[in-house]
Amino acid sequence: MTEQKIILSGMRPTGRLHWGNFTGALENWLRLQDTYRCHFMVADWHVLTTALDRAGEIPDNTREMVLDWLGAGLDPERSVIFIQSRIKEHAELFLILAMHISLGRLERNPTFKEQVKDLELKGEISFGHLGYPVLQAADILAYRAAAVPVGEDQLPHLELTREMARRFNNHFGEVFPEPEALVTRFARFPGTDGRRMSKSLGNTIEISASPDEIAAKLMPAYTDPGRQRRSDPGNPEICAIYTWYQRFLPNEAERTAGECRTAARGCVDCKRLLLAGVTDFFAPLRQRRDQFAKDSELVTQIIEDGCARARAAAQQTMAQVHAAMGIG
Ligand code: TRP
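About the criteria used
Residues numbered from 1 in each chain as written. Predicted model: local features only at pLDDT ≥ 70, side-chain atom pairs only at ≥ 80, totals over all residues. Heavy atoms only, no water. Axes fitted to C-alpha atoms, helices over the stretch in contact; angles between N-to-C directions. Helix = DSSP H or I, 4+ residues; strand = E, 2+ residues; numbered from the N terminus. Parallel < 35°, antiparallel > 145°, perpendicular 65-115°, else oblique. Left-handed = near helix turned anticlockwise from the far one by under 90°. Contact = heavy atoms within 4.5 Å. Nonpolar A, V, L, I, M, F, W, Y, C, P; charged D, E, K, R; others polar. Salt bridge = Lys/Arg side-chain N within 4 Å of Asp/Glu carboxyl O. Buried < 20%, exposed > 50% of the residue type's maximum accessible area, 1.4 Å probe, protein only. Domains from an automatic or database assignment. Buried area = accessible area lost by both parts, 1.4 Å probe. Polar contact = N/O pair within 3.5 Å; in protein donor to acceptor, adjacent residues only side chain to side chain. Near = heavy atom within 4 Å. Areas by Shrake-Rupley, 256 points an atom, 1.4 Å probe, with all protein chains shown as cover. Phe/Tyr/Trp six-rings, centres within 6.5 Å; stacked < 30°, edge-to-face > 60°.

Draft legend 1. Spotlight on the packing of helix H1 (residues 19–32) against helix H11 (residues 240–248). Packing of H1 against H11 leaves a shortest axis separation of 12 Å and a crossing angle of 40°. In this view, H1 runs oblique relative to H11, as classed from their interaxial angle. As for the relative orientation of H1 and H11, their crossing is left-handed in sense. On the side of H1, the interface is formed by Trp19, Phe22, Thr23 and Glu27, while H11 contributes Trp244, Arg247 and Phe248. When the residues that make up the contact of H1 with H11 are grouped by side-chain class, the tally is four nonpolar, one polar and two charged.

Draft legend 2. Molecular detail of the pattern of salt bridges. Tallying each qualifying case throughout the model produces 23 salt bridges. With a closest N to O distance of 4.0 Å, Glu163 and Arg167 form a salt bridge. Residue Glu163 and its partner Arg167 are located together in helix H9 (residues 155–172), separated by four residues, close to a single helical turn. Under the relative-accessibility criterion, Glu163 is labelled buried at 13%. The class of Arg167 is partly exposed, set by a relative accessible area of 36%. Each of the salt bridges in this network shares a partner with another, and the network as a whole consists of Arg16, Glu64, Asp68 and Arg289.

Draft legend 3. View of the domain arrangement of the chain. Per the domain assignment, the segments of the chain are domain 1 (6–189 + 296–325) and domain 2 (209–289). Averaged C-alpha coordinates put domain 1 and domain 2 at centres separated by 34 Å. Across the boundary between the two partners, domain 1 contributes 14 residues, which contact twelve residues of domain 2. Taken together, both faces of the contact between domain 1 and domain 2 bury some 1200 Å²; the carbon and sulfur share is 67%. Counting the surface domain 1 buries against domain 2, the share from its top three residues, Trp19, Phe22 and Gly71, is 47%. There are three salt bridges connecting domain 1 and domain 2. Residue Glu64 is joined to Arg289 by a salt bridge in which the shortest nitrogen-to-oxygen separation is 2.8 Å. The tally of links from domain 1 across to domain 2 stands at four residue pairs in polar contact (both at pLDDT 80 or more). At the level of elements, H1 and helix H3 (58–72) are the ones that each hand at least two residues to the side of domain 1 that touches domain 2. Ranked by the residues each element gives to the side of domain 1 that touches domain 2, the list is headed by H3, at six residues.

Draft legend 4. Geometry of the site of the ligand. The full set close to the ligand counts 14 residues, and Arg12, Tyr132, Gln136, Asp139 and Gln154 are the nearest of them. Contact distances for the ligand include 2.7 Å between a nitrogen atom and a side-chain N or O atom of Tyr132. Taking Asp139, its side chain carries an N or O atom lying 2.8 Å from a nitrogen atom of the ligand. Contact with the protein chains hides 91% of the accessible area of the ligand, taken as 360 Å² for the molecule alone. Elements supplying a minimum of two residues to the shell around the ligand: strand S1 (6–11), helix H8 (132–141) and strand S4 (147–150). Per-element tally for the shell around the ligand: the top contributor is H8, with four residues. Within the shell around the ligand, the residues separate by chemical class into seven nonpolar, five polar and two charged.

Draft legend 5. Up close: the packing of helix H13 (residues 267–294) against helix H14 (residues 296–325). Contact pair H13 / H14: the axes reach a minimum separation of 5 Å and the direction vectors enclose 90°. The pairing of H13 with H14 is recorded here as roughly perpendicular in orientation. For the pair H13 and H14, contact is made by Phe292, Ala293 and Lys294 and by Ser296, Leu298, Val299 and Ile302, respectively.

Draft legend 6. Summary view of the environment of Ala147. Locating Ala147 in the fold gives a position in strand S4. It is 9.7 Å that separates the C-alpha atoms of Ala147 and Leu158, two residues lying eleven residues apart in sequence. For Ala147, the contacting residues outside a window of four places in its chain are Ile6, Ile7, Leu8, Glu180 and Leu182.

Draft legend 7. The arrangement of the packing of aromatic side chains in detail. With the rule as written, the count across this model stands at 14 aromatic pairs. Both rings, one in Phe168 and one in Phe172, keep their centres 5.0 Å apart while their planes meet at 45°; by these two values the pair is tilted. Of the two residues, Phe168 and Phe172 are both situated in helix H9; the distance of four residues between them amounts to about one turn of the helix. A relative accessible area of 0% places Phe168 in the buried class. One aromatic cluster is present, formed by Trp19, Phe22, Phe189, Trp244, Phe248, Phe281 and Phe282 through successive ring pairs.

And the structure:
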């Protein structure tokens, strides 16, 4: 049997996952489990870089996110599901990699620059925040991952990871492969207001939402603003509802677009149909999630087991790092 390629990816635990997280990442992870040796990480230390004041929420958010993962079908037998802060090797590797990247390079990281602007951080930037991509590189390189499934916004971090791996290898010999990015489709998934679905914009629908909760958010959701009256023809290309059809009811998408353009179907009916379909789509995920939520011992066991497997792998890498450097 040929050795399976190693994959690592992570998400910050900030609460229940939404449809955007599902299509943008989680669904991709599900598929990758068939072909790769997958490591899926709760990036809890990364939350501290931008939300130190909400550190108290991390344990609950971690639990909720792992439930979302398991409910969606991440398989703890095949995949290693673990928590970053439980594997101290990440911190050691972070320190070592920090010597392999310049301050200027980190300051030019576009993701960082954007966050500083969005969060209005000006004089309040922590050393840890600037080092976000170094910690991410440690996450990836600790497992010598060959590939990292990420959204497009993470590409600069992958590039930085490759740079640090290259520099380390130049100094100390080949220890790390340079990981490639596996960019997800459906990267820009619309929220209930037509803008990108994002928790900070308050336009999300959660994967674990009940049928009533889905209805409450879906029925008033954004459609083509040019379609004022029932008799007006609509433009599905700019309608969030249509994108949701494409994603969750692909067999209905073409007919939906046609009936929208000719005004044969009104928006309310269109949403009702989608509501029924999307409720069915997520029902098995919710059911499985509820099952796991009822068995908290089992979830704890899954996490313990994942952390043990992750730790063993990271320790092997660190043994190579120590040997290469002649210290540690
Ligand atoms: N920065 C990633 C995000 O915000 C989360 C993350 C942390 C990650 N460590 C990682 C993703 C390692 C991939 C690999 O989405």
